There are 4 protein chains.
Amino acid sequence: MLTELKEKVYQANLLLPEYNLITFTWGNVSGIDREEGLIVIKPSGVEYDELTSDQMVVVNFDGEIVEGNLNPSSDTATHIELYKAFPDIGGIVHTHSPWAVSFAQAGLDIPAAGTTHGDYFYGSIPVTREMKKDEIQVDYEKQTGSVIIETFNKKDINPNQVPGVLVNDHGPFTWGDSPAEAVHNSVVLEQVAEMTYHSLQLNAENIQMSQSLLDKHYLRKHGKDAYYGQGK
Amino acid sequence: MLTELKEKVYQANLLLPEYNLITFTWGNVSGIDREEGLIVIKPSGVEYDELTSDQMVVVNFDGEIVEGNLNPSSDTATHIELYKAFPDIGGIVHTHSPWAVSFAQAGLDIPAAGTTHGDYFYGSIPVTREMKKDEIQVDYEKQTGSVIIETFNKKDINPNQVPGVLVNDHGPFTWGDSPAEAVHNSVVLEQVAEMTYHSLQLNAENIQMSQSLLDKHYLRKHGKDAYYGQGK
Amino acid sequence: MLTELKEKVYQANLLLPEYNLITFTWGNVSGIDREEGLIVIKPSGVEYDELTSDQMVVVNFDGEIVEGNLNPSSDTATHIELYKAFPDIGGIVHTHSPWAVSFAQAGLDIPAAGTTHGDYFYGSIPVTREMKKDEIQVDYEKQTGSVIIETFNKKDINPNQVPGVLVNDHGPFTWGDSPAEAVHNSVVLEQVAEMTYHSLQLNAENIQMSQSLLDKHYLRKHGKDAYYGQGK
Amino acid sequence: MLTELKEKVYQANLLLPEYNLITFTWGNVSGIDREEGLIVIKPSGVEYDELTSDQMVVVNFDGEIVEGNLNPSSDTATHIELYKAFPDIGGIVHTHSPWAVSFAQAGLDIPAAGTTHGDYFYGSIPVTREMKKDEIQVDYEKQTGSVIIETFNKKDINPNQVPGVLVNDHGPFTWGDSPAEAVHNSVVLEQVAEMTYHSLQLNAENIQMSQSLLDKHYLRKHGKDAYYGQGK
């Protein structure tokens, strides 16, 4: 079942080592079939060079395995929460990419400091609050999803316009229309984190780009007035 | 038409991923035929591994497509302004190379801190002022060119001697006699940004090299008294 | 003798250049056969691309060569002390990996700042005190082992739960059930050092992760209640 | 003539790109035949991937070309001064390797902060004073050699024990028994600069290793009591 989606999720997982986003098995990609209400995700702890397309695990919105011989990623419950709360997204990525983790461990948002950021993220990439003891002890992975959603709600951020987050003291999650686009956004987030780290060291004052410049760059690539690229 | 220039521009574009100057499609190279008054530039948003020489787009000084089936780079109007204002240059490069962007986002010039810099850039590599709301909203890419030219005029910098600039909160543009030399200068700018970032962290006092040392290094490689290399 | 262990130690040594943990010959891996009371270790100063499995040197707990035509690693006496004091470990790695050395030279622990750390190290990775003049002058390599053991004893750290250490002004040692796992922990230590360095530069306040989060991550991968991966 | 030395110098030059020490042609290696009083050096400005062994240029102690069709490296006069003043050295390397340049531009010595440093350099790697206007304007490259020698004389440093230097606002020179060993020391200097930069950012207080530890590490690899490696 879902052979095509499994192949897409498998291929997107292979992009993680290709783009140097992961060490060992520290990452996972999923995709969703909204009509069937089913999620395809990487199995837990399997090395990327041993991964095959048909090892991808199919789970439903209750986290039950619908197809597959392996345990799904230990982060599956987080993915499910995000798919439930963010109805437009088609793929999710989690990594421990080092520059993004550096901000997550520092408990800091990645501010929108320049046009590279503005081309993909329409505002700061937020960090969640620290999770509470009881959230960590019971249903930790599900609660990780909840604290992400809380962050977007409280700060009134549109997840379609800011397709990524830093979980405090943990690492980034990104998403997109498809598993491949979620990986694309994960690459951008890592690159932006690296550049903005250095900008902050050089000159922490006035690190924010102007709202006009952010509007320009985000909107020339997204939405009805976009004019970047070759059209669609 | 302009088959030879298209090939040069195409080859120069391929150098961007080779020298790790770009991620995805975040960069473009153009070249100019001064006699014909025509510019050849990379098409917008096309992946580098799918690029072919005959996809290069030919535009005139009004930005009109003279030949080509694809949209030219969204930065084309910036290139045109620079070719108009800087009559000696033959090629232009724009990238989001990470060390250069780090300075651009910080809104800081890259000071001439050592001989690597002085071998190619005869003084600080300037950052432009932030662009104004109306410059961003109307004719943004053309205004990006204007603010670069303003920077060189106001500071009385010779663009033939300082073949690069940082656009504030955006990234670097470099240029040269040819598309390939413009890429060469882009590599140097990125390398110099990396080294001078670290020097600034170690010892921000007295970061400037002496004028004598700058004169020596720039002039032993450029101009009538140059003695570096094998002659020409 | 010990052909299988020699092959494991040899293969684990080859992982050091593969994971970019070493320059030249600055590193070594050993393994132990607890029943025989014999240790297999890399020969001293041999280039990794010239290394062969049967060059591995077999030594006993007194550091005497039991088999082998080459001198064992100059750090052999350190390995022996660790095998004696930490009875559960099966392999040891020493490198001069650059991020770990950066902390060692600074004389600082690597604090548990995030989940990547917590997945492998159940608390800060300690740095030893500086060694004293007489410890350096007589039996230096053995004393290096002693100061590591002293560090774990004084701070009451369980070496099975924190499988690595920084020797002050020197570099990291890591260990594990097997030579390969010791290398795995060396990769993690290096990656964690890099990320936490950057987090400290961004925000040195409150760098520690919460104890609850550390418990959760360490214990979901280790011990009887582990649920990460595919089981064993 | 000097076919064997040319091959050694050629091979040592090829190590520079292999160890990522250079960008473009920013580096050169030379070797000396002390009996003949002749120096073999890379030609100026030739790309490394076009270099051949028989392009190596032979010069005498007056800088005159004894054999070769190309101009020697523009830094030849610096090499000659060093060969004259340091009678035991057999090869010299100059690069613009980025971490070493970062210290050179900051005008700072690289302190002996740990054992990696102490294994090769018996004390701080010194930076020269800034060169004076007249030294820069007349016989610049020869004066570059003189200021290096002055640094070693004034600080009473033995160039056989500290085989490298940073020229202020410029970059590193290293040397050794042979061209290959000079490259080896250049790799070490770059690696040590990187690690000590980060240690300084973490904890600039008390960055120096103890004299006892420096003695131990330097002397276990060098001199009559060395015991590292397989003997000679």
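In what follows, the structure referred to is the one given above.
Calculation rules
Residue indices begin from 1 for each chain and proceed along its sequence in written order. Each chain gets a letter, beginning with A, and each ligand a number, beginning with 1, in the order they are written. This being a predicted model, a pLDDT of at least 70 is required before a residue's local features are given, and a value of 80 or more before pairs of side-chain atoms are given or counted; all residues contribute to the totals for chains, interfaces and linings. Only heavy atoms go into the side-chain values, all of them from the structure, while hydrogens and water stay out. Only the stretch in contact is used when a helix axis is fitted, and all axes are lines through C-alpha atoms; the angle between N-to-C directions ranges over 0 to 180 degrees. Every helix listed is a DSSP run of H or I at least four residues long, and every strand listed is a run of E at least two residues long, numbered separately from the N terminus. Note on angle classes: values under 35 degrees are labelled roughly parallel, values over 145 roughly antiparallel, values of 65 to 115 roughly perpendicular, and the remainder oblique. Helix crossings fall into two classes, left-handed where the near helix is turned counterclockwise from the far one by less than a right angle and right-handed where it is turned clockwise. Contacts were defined at the residue level, with two residues in contact if any of their heavy atoms lie within 4.5 Å. In this classification, the charged set is Asp, Glu, Lys and Arg, the nonpolar set is Ala, Val, Leu, Ile, Met, Phe, Trp, Tyr, Cys and Pro, and all remaining amino acids, among them Gly, are polar. Buried area is a sum: the accessible area each of two parts loses on coming together, probed at 1.4 Å, counted once for each and added. Whenever Lys or Arg places a side-chain nitrogen within 4 Å of a carboxyl oxygen from Asp or Glu, that contact is recorded as a salt bridge. Within 3.5 Å is the distance limit for a polar contact, defined as a pair of N or O atoms, with the added protein rule that one can donate a hydrogen and the other accept it, and that residues adjacent in sequence qualify only through two side-chain atoms. Relative accessible area decides the class of each residue, using a 1.4 Å probe on protein chains only: under 20% of the type maximum gives buried, over 50% gives exposed, and in between gives partly exposed. When the copies are overlaid, the least-squares fit takes in C-alpha atoms only where the residue has pLDDT of at least 70 in both copies.

**A word on the packing of helix α7 (residues 179-202) of chain A against helix α7 (residues 179-202) of chain B**
Relative orientation of the contacting elements α7(A) and α7(B) amounts to 40°, with a least axis distance of 11 Å. As far as their axial angle goes, α7(B) and α7(A) are oblique. Note on packing geometry: the crossing formed by α7(A) with α7(B) is left-handed. Judged by residue contacts, Y197(A), H198(A), Q201(A) and L202(A) of α7(A) engage Y197(B), L200(B) and Q201(B) from α7(B). Of the residues in the contact of α7(A) with α7(B), the class split is 4 nonpolar, 3 polar and no charged.

**A short note on the interface of chain A and chain C**
With 33 residues of chain A in contact, the opposing surface of chain C contributes 34 residues. Here chain A meets chain C over a buried area of about 2,900 Å², counting both sides, of which 53% is carbon and sulfur. Summed over the three residues of chain A that lose the most area to chain C, namely F24(A), W26(A) and Q105(A), the buried surface amounts to 23% of that side. Our enumeration of links across chain A and chain C arrives at 2 salt bridges. Residue D75(A) pairs with R220(C) through a salt bridge whose shortest N-O separation is 3.9 Å. Scanning the region where chain A abuts chain C turns up 13 residue pairs in polar contact (both at pLDDT 80 or more).

**Re the pairing of strand β5 (residues 91-95) of chain B**
Of all 5 residues making up β5(B), 5 are buried, and the element is well covered by its neighbours. Along β5(B), one buried face is formed by G91(B), V93(B) and T95(B) and the opposite face, lined by I92(B) and H94(B), is buried too.

**Considering the relation of the copies chain A and chain B**
Rotating chain A by 90° about the axis while translating it 0.0 Å along that axis superimposes it on chain B, leaving an RMSD of 0.0 Å. Considering both components of the superposition, the chain copies are consistent with a four-fold axis. Proximity to the rotation axis, assessed at the C-alpha, singles out Q201(A) in chain A; its C-alpha lies 5.7 Å from the axis. Of the residues that chain A buries at the interface, just 6% are likewise interface residues in chain B, meaning the two copies contact each other through different surfaces.

**A word on helix α2 (residues 76-85) of chain B**
Every α-helix winds through 3.6 residues per turn, so residues three or four apart in the chain are directed the same way. Residue and element names in this part refer to chain B. Judged by how many residues are buried, α2 sits mostly within the fold: 7 of 10 residues are covered. Within the span of α2, buried status applies to T76, T78, H79, I80, E81, L82 and Y83. Each element contacted by the buried residues of α2 is listed here: β1 (27-33), β2 (38-41), β3 (57-60), β5, α6 (140-154) and β7 (171-176).

Interpretation note: all reported values are geometric properties and have no functional meaning in isolation.
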